[in-house]
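# Analysis of the macromolecular model
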Amino acid sequence: MTDRNHQIVDVSATYDVSLSEKAGSVARKKIHHELKPQETDRIRFKLRSKFWADPDGLSLYLIEINVHFNEETAPATFRQTIVNVRPSHISQASFFGGYSPETVTNNKALAREVLELHAGGVGVEDYVVGALESWMLAPDTP
């Protein structure tokens with residue numbers, strides 16, 4: 001029980017950030033958002049990608065966020081995080097004939113790499129970790 005009364009701060013602005021499928025690419029978003037002294041504000045960044053990916057699969061990006069305040073102060077750096085950016089399209093229908101042995105091998109190698117990053121402190125959503133651990137338990141044959 002508590003007698004505290006909290007007031008939720010609404011999101012005042014949403015900014016779209018377009019990600020590239022090119023490894024090592026950098027997405028920059030320059031915004032002008034004023035925050036007055038002694039005030040609180042919430043803003044949201046929406047990650048998007050034009051990269052065509054499996055709507056039922058994972059489209060993983062390793063992101064590192066640096067936020068610059070007032071352009072003259074040192075940036076605030078946040079821990080590296082692996083995010084699943086879902087495609088903007090919806091599949092009307094699909095056919096799945098099974099994975100090729102090469103795809104299974106590649107997916108397991110990628111799952112192992114992401115799980116090692118997670119064990120090393122990189123942030124990863126629980127549902128992504130669960131999906132990758134399932135991949136590791138899957139048989140090697142399609």
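It should be noted that the structure appears before, not after, this text.
Below, the structure is looked at part by part.

## Describing the overall build of the protein chain
Helix and strand content of the protein chain: 2 helices and 7 strands. Secondary structure elements in the protein chain, listed N-terminal to C-terminal, are β-β-β-β-β-β-α-β-α. At 20 Å, the protein chain has a C-alpha radius of gyration far larger than the 14 Å of a compact globule built from 142 residues. In terms of overall dimensions, the protein chain has C-alpha extents of about 60 × 45 × 35 Å along its principal axes. Put simply, the protein chain has 142 residues, and 18% of those count as buried. Element-wise, carbon and sulfur atoms account for 51% of the exposed surface of the protein chain, whose accessible area totals about 11800 Å². Considering the protein chain, the positive charge centre built from 15 side chains and the negative charge centre built from 19 side chains are found 4 Å apart.

## Some thoughts on helix H1 (residues 101-119)
An ideal rise of 1.5 Å per residue puts 27 Å on 19 residues; H1 measures up with 27 Å between its terminal C-alpha atoms. Taken together, the buried positions of H1 are occupied by Val104, Lys108, Ala111, Val114 and Leu115. Taken down its axis, H1 places every buried residue within 130 degrees of arc, on the same side. Facing away from the buried side of H1, by more than 90 degrees, are the exposed residues Glu102, Thr105 and Glu116.

## Here we look at unusual backbone geometry
Trans peptide bonds make up most of the peptide bonds, and negative phi angles are found at most residues other than glycine. Of note, Gln38 is a non-glycine position whose phi angle comes to about 65 degrees, a positive value. Secondary-structure assignment places Gln38 in the loop between strand E1 (11-19) and strand E2 (42-49).

## Section: the packing of aromatic side chains
Tallied over the full model, the rule gives 1 aromatic pair. Centre to centre, the rings of Tyr15 and Phe45 are 5.9 Å apart; their planes meet at 35 degrees, and the pair counts as tilted. Note that Tyr15 is positioned in strand E1 and Phe45 in strand E2, a separation of 30 residues in sequence. Taking relative accessible area as the criterion, Phe45 reaches 40% and is therefore assigned partly exposed.

What counts and how
- Residues numbered from 1 in each chain as written.
- Predicted model: local features only at pLDDT ≥ 70, side-chain atom pairs only at ≥ 80, totals over all residues.
- Heavy atoms only, no water.
- Helix = DSSP H or I, 4+ residues; strand = E, 2+ residues; numbered from the N terminus.
- Rg over C-alpha atoms; globule rule 2.2 N^0.38 Å.
- Buried < 20%, exposed > 50% of the residue type's maximum accessible area, 1.4 Å probe, protein only.
- Areas by Shrake-Rupley, 256 points an atom, 1.4 Å probe, with all protein chains shown as cover.
- Lys, Arg positive; Asp, Glu negative; His and termini not counted.
- Charge placed at Lys NZ, Arg CZ, Asp CG, Glu CD.
- Expected span 1.5 Å × (residues − 1).
- Arc of directions from axis to C-beta.
- Phe/Tyr/Trp six-rings, centres within 6.5 Å; stacked < 30°, edge-to-face > 60°.

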